[in-house]
Each structure stands twice: as C-alpha cells, then as structure tokens.
Amino acid sequence: MFTDPALPDQLLPDELDLVVEAADMMTVIAAQRLVRIDAMRREALRDATRNGRVLTEVVERGVRLELAAALRITEHAAGDLLGFAESLVHSYPAVLTSMERARITERHAEILVAAVSVLEPEFREQVLEPGLALAEAEPVGTFRRKLRTLIDTVRSATLTERYERAVTKRRIVAEPDDDGMGWLHLYGPMVAINAAQARATAMAKVVKAVDGDTRTLDQARADVVLDLLVDGSVEAHPVEARGVRATVFVTVPVLALLHESDASRAAAGVDPPVVEGIGPIPLPVARELAGGAPGWTRVLTHPETAMVLSVGRDQYRPPPALAKLVKWRADRCMGPGCGMPASRCDVDHNVDWALGGSTELTNLGPLCEGHHTVRHHTDWKIEQVAGSGGAILWTSPAGRQYLVKPERTVPVFRSSDHGDAPF
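As the structure is a prediction and not an experimental result, all values here were calculated from the model. (Residues numbered from 1 in each chain as written. Predicted model: local features only at pLDDT ≥ 70, side-chain atom pairs only at ≥ 80, totals over all residues. Heavy atoms only, no water.)

**Notes on the overall build of the protein**
Of regular secondary structure, the protein possesses 15 helices and 13 strands. Per-residue burial over the protein gives 36% buried out of 423 residues. With an accessible surface of roughly 24500 Å², the protein has 56% of that area assigned to carbon and sulfur atoms. (Helix = DSSP H or I, 4+ residues; strand = E, 2+ residues; numbered from the N terminus. Buried < 20%, exposed > 50% of the residue type's maximum accessible area, 1.4 Å probe, protein only. Areas by Shrake-Rupley, 256 points an atom, 1.4 Å probe, with all protein chains shown as cover.)

Now the structure itself:
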C-alpha cells in the first residue's frame, strides 16, 4: 500500500478506513449498474417500437431473461433488479443520487423504495424526503425501524379504518417442516402478539432459572407456548412460572383521548398512541388499554412537554419506576444499530457504580445482553451526553464515535435551589 511520508501517522488511513472506502465504491458502482440496467430496458423497448412490435410484456420478459443469463442469476432476481432500477431512475431520482454519492447503501435504497412504492399516493411525498434523511443518518436496522414508525405516523389518520379491515383476516396456520418439526403461524393484532411474546419470554426465563434446566431461551419459550395451547396450563413447569403475565408499555398523549377518531386527532396535530415495539395503534385500542386492561403499563404524557406523569428513583439497583422510565425513554437497546426492545434489556450504569456512577436518569440506559457484554469486557467506551435527554456516545477501540439517541426525551426542569433535575 502506498503511503505518503509527509503525512503524520494519525492521518494515514487504517484498515477500517480502507474497508469503508471499498464499501463506498461498491455502492457507487451498484448505482451505476442500476442506471445501465434501466438504460438497457429502455433501449430494448425503443427497438421494439421502431420495429413495429407492441408486445411490451414480451419484450420485457426477453430483457429479463437476457439479464438473468448474463449475470448468472434467476429470472426472478433479474425482474427485481429491473423494477428497482426503473423506480430509482424514474420515480425516486433523489434516492439514486444519494447512492451515487455513497451517502446510503444499496440496502438502504431497497428498503426505502419498497416501502414508499406501496404507500397510497397522497402519503408518498410526506415520507420520501424525511425517509431519505433517515437513510443517510442511520444504520440499516435502525433506519428500517424508524422508517416504519414514520410511515405509521404519517398514515395514522386512517389507522382505525385500516385496522378494522385487517383484523378480519386474523388466522392461524400450521406449516410442516423436516425431521418431524413444523411452524405455527398466528396472524392477529400486533398488540396481542406483542403481549403473548412478552409473557412467553417472562415465563421461559422463570423456567430456565430452575437448577439443571439446560434449554435455551428459544427452546423454553416454545415449550411454554405449546404447553399453554395444548394443555391450557403449565403444570409441568415451576409454580413461579404459572402466574407470570405480560407487561407492555402503551404511551398515550393525553389530548389524543379527547378526539373521536384518528382522523380528527391527526388533523389537530396530536401524536398517535404507541405501543413499545409496535408503533402507532388505533384510538379505540388505545382507549381500551389506557382504561385499565390488565398486563399493560400505561404511560400518559403531558400535552405540552410530553413529560411522563409518574415515576421515582435511587440506590445501586434502579427502583422499578426509574427502570421503567429509562426503558420507556429509549424504547430499544442503546447499542449502535440495535433493535432489541428495551423491555428485554438490562438497565446499565453508563458510568459504573463502582467508579462513582450514580443511579439516576442521566446515568442509565438499556443495553441488550450482547452490547452489555461488549461495553464491559472490551475497549469500547460509552458516555451519556449531558443535556441530550438520554443520547449515548459510543467510542470504538479505533477511536470512531457513534451517537445513539433515545426514541423519546424526558424534559429537564430548572430549579433555583437544586439545579437541573429530571423531575
């Protein structure tokens, strides 16, 4: 590798710089490939028109076959490439430009185009620009999740009507697989699905805590669900597991409950109710949950500040109310790009308790098991950015920094007697 002796060592590219450079080049080349694929398709259609042939479908099938043969891929994959190229070049040129400048990856572009293309025409413009901004700022996993939230929020005015149509399609399907195994697919309201998953996970963890249980969490969770469905109980499991119930957060802006419909709520500029790990839910469902449905932690928020209207704090282990607030604020693991729901994470002291860190909102954040391990047993460093409302700055062993922001913020009020305080 050529190096310039005039450059100080700290300015020379390291191995990760070279990997990133190669990845950027691949993105730029992928954009060029898509432009050329679309040009090939258009040229074939022009030739067909000049020769008096009007069977566009047949011509495009021929193009698909030729592309598949040349690239040694399936015709189905070639068809996807042709459709993606046409969309980028003719419908979403801003996304193509971003790819050409290596601001997003090809995967970001695929996710964005696929999501926007199936939207109702009146919502596309509202999603495309902010969606592209998310793609340029976020890793793929976080981008996909935030894009889904953006789309759900934009479409929330019609959420009740769409939900009522979709809920009529609920069903359960058994699919056989190899070696005497199979899949059980359940299509139903995501609120109930999320609660069922949370309860099965909680019960499986209690079961696994029994001495000598060597099952993985996935295995124990599957056994719990089948016991409940087949026998209607979990008598074969420890007594402690039998009374476990799901606990899931539903966050409802107070003013949302004053509206008759999602349409009037959206017209008034009021945010929709959301469920942790799901996103916006219809107002009728939110009213039911906020009204006292068992197994749900209801978080009502202030109409002006969005401040949570109840919690508390102190000592090494965060009190339950403080732990709930920490997880509610983040919604997800605060590891870069991680999508693990906060309810399944540990609450971590950003500055270790043993090193003088305190148990307070400004020093706590949820981390999944994997990121918790990396944070404590490698040279990665983290700090919660002062005044950011919970953002965590990760610094890699190579010195690169990644900022992870929580999904929600908790306002900080000033007190002349006690300084800044989170309550």
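**So, the pairing of strand E1 (residues 171-176)**
Burial analysis of E1 places just zero of its six residues in the buried class, which makes it a mostly uncovered element. Pairing of E1 with strand E2 (residues 182-187), which is carried by six bridges, proceeds in the antiparallel orientation. Its bridge partner being in E2, Val-173 is matched across the sheet by His-185. Adjacent in sequence and paired antiparallel, E1 and E2 are bridged by five residues, among which Asp-179 carries a positive phi angle near 60 degrees. (Pairing = 2+ DSSP bridges.)

**Considerations on the nonpolar core**
Among the nonpolar cores identified, the biggest contains 39 residues, and Leu-88, Val-95, Met-99, Leu-112, Val-127 and Leu-147 are the most heavily contacted of them. Among the elements of the structure, helix H1 (15-50), helix H2 (56-71), helix H3 (75-91), helix H4 (93-100), helix H5 (106-117), helix H6 (121-137) and helix H7 (140-154) are those that each provide at least two residues to this core. No other element matches H1, which puts seven residues into this core. If near-sequence neighbours (up to four positions away) are discounted, Met-99 is found in contact with Thr-27, Val-28, Ala-30, Ala-31, Leu-34, Leu-88, Ile-104, Thr-105, Glu-106 and Ala-109. Grouped together as the second largest cluster of nonpolar side chains are 11 residues, Cys-338, Cys-345, Ile-382 and Val-404 included. (Core = buried A, V, L, I, M, F, W, Y, C linked by side-chain atoms within 4.5 Å. Contact = heavy atoms within 4.5 Å.)

**Considering a nonpolar patch on the surface**
The grouping of Ile-172, Leu-184, Leu-186, Val-225, Leu-226, Leu-229 and Val-230 at the surface amounts to a nonpolar patch, some 690 Å² of accessible area in total. Those elements that place two or more of their residues in the nonpolar patch are E2 and helix H10 (217-231). Looking at which element gives the most residues to the nonpolar patch, the answer is H10, with four residues. Note that Leu-186 resides in strand E2. (Patch = residues over 30% accessible without salt bridge, like charges linked within 9 Å, V, L, I, M, F, W, Y side chains within 5 Å. Salt bridge = Lys/Arg side-chain N within 4 Å of Asp/Glu carboxyl O.)

**Some thoughts on the confidence of the model for the protein**
On average, residues of the protein score 82 in pLDDT, and 82% of them reach the 70 mark or higher. Ranking the elements of the protein by mean pLDDT puts strand E12 (residues 413-415) last with 38 and H4 first with 97. Confidence over residues 307-314 falls short of pLDDT 50; this stretch has 32 contacts with residues more than four positions distant or in other chains. Across residues 412-423 the pLDDT falls below 50, and counting only partners more than four positions away or on other chains, this stretch makes 19 contacts in the model. (pLDDT = per-residue confidence, 0-100.)

**Regarding the sheet that holds strand E10 (residues 392-395)**
Taken together, three strands build an open sheet; the order of strands is E9-E10-E11 and the sheet is antiparallel. Every interior strand has two partners, whereas the edge strands, strand E9 (381-384) and strand E11 (401-404), have only one. Within this sheet the neighbouring strands show an average axis-to-axis angle of 20 degrees, counted without direction. One ladder, built from four bridges, connects E10 with E11; its direction is antiparallel. Looking at the pairing, Ile-392 lines up with Val-404 of E11. (Axes fitted to C-alpha atoms, helices over the stretch in contact; angles between N-to-C directions.)

**Thoughts on the pattern of salt bridges**
Considering all chains together, one arrives at 22 salt bridges under this definition. Arg-41 is paired through a salt bridge with Asp-38; the nearest N and O atoms lie 3.0 Å apart. Placement of both Arg-41 and Asp-38 in helix H1 is noted, with a separation of three residues, approximately one turn of the helix. Each member of the pair, Arg-41 together with Asp-38, is buried. Connected through shared salt-bridge partners, Asp-38, Arg-41, Arg-42, Glu-60 and Glu-86 make up one network.

**A short note on the side chain of Ser-98**
Mapped onto the elements, Ser-98 comes out in helix H4. Take Ser-98: its relative accessible area is 3%, and that puts it in the buried class. Apart from the residues lying within four places of it in its own chain, the contact partners of Ser-98 are Arg-103, Ile-104, Leu-132 and Glu-136.

**Comments concerning the environment of Glu-75**
Relative to the assigned elements, Glu-75 resides in helix H3. Exposure remark for Glu-75: the relative accessible area of 27% places this residue in the partly exposed category. Between the C-alpha atom of Glu-75 and that of Val-63, which follows or precedes it by 12 residues, the distance is 9.8 Å.

**Details of the packing of H2 against H3**
Two elements in contact, H2 and H3, have axes whose closest approach is 8 Å; the angle formed by their N-to-C orientations is 110 degrees. Here H3 runs roughly perpendicular to H2, going by the angle between their axes. Here H2 runs over H3; the crossing is right-handed. Side by side, H2 and H3 meet where Arg-61, Val-63, Arg-64, Leu-65, Leu-67, Ala-68 and Leu-71 of the first sit next to Glu-75, Ala-78, Gly-79, Leu-81 and Leu-82 of the second. Residues that form the contact of H2 with H3 fall into these classes: eight nonpolar, one polar and three charged. (Parallel < 35°, antiparallel > 145°, perpendicular 65-115°, else oblique. Left-handed = near helix turned anticlockwise from the far one by under 90°. Nonpolar A, V, L, I, M, F, W, Y, C, P; charged D, E, K, R; others polar.)

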